[in-house]
Amino acid sequence: MNYLITGTALFLFISYWVFMGFYFKADTKAILVGLLIALSERISSQKSTQKILE
């Protein structure tokens, strides 16, 4: 089920970029910055969870 949700999200994300045609570069940059922030938050959350378990 998790792969289904991830695959659907990835498809919608890529199709959004295709339909936009990369014409709105500021919007694309905002999406990339948001993804990087979310990734860094997730990594830091995993590190803190591992420290608690140890």
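In this text, all values refer to a predicted model and were calculated from it rather than measured experimentally. (Residues numbered from 1 in each chain as written. Predicted model: local features only at pLDDT ≥ 70, side-chain atom pairs only at ≥ 80, totals over all residues. Heavy atoms only, no water.)

(A) Examining the overall build of the protein more closely. Across its full length, the protein holds two helices and zero strands. In the protein, which comprises 54 residues, the share counted as buried stands at 7%. On the protein, roughly 5100 Å² of surface is accessible, and the fraction owed to carbon and sulfur atoms is 72%. (Helix = DSSP H or I, 4+ residues; strand = E, 2+ residues; numbered from the N terminus. Buried < 20%, exposed > 50% of the residue type's maximum accessible area, 1.4 Å probe, protein only. Areas by Shrake-Rupley, 256 points an atom, 1.4 Å probe, with all protein chains shown as cover.)

(B) A look at a nonpolar patch on the surface. Taken together, Leu36, Leu39 and Ile43 make up a surface patch of nonpolar side chains, about 290 Å² in accessible area. By secondary structure assignment, the location of Leu39 is in helix H2 (residues 25-53). (Patch = residues over 30% accessible without salt bridge, like charges linked within 9 Å, V, L, I, M, F, W, Y side chains within 5 Å. Salt bridge = Lys/Arg side-chain N within 4 Å of Asp/Glu carboxyl O.)

Function cannot be inferred from these measures alone, as they are strictly geometric.
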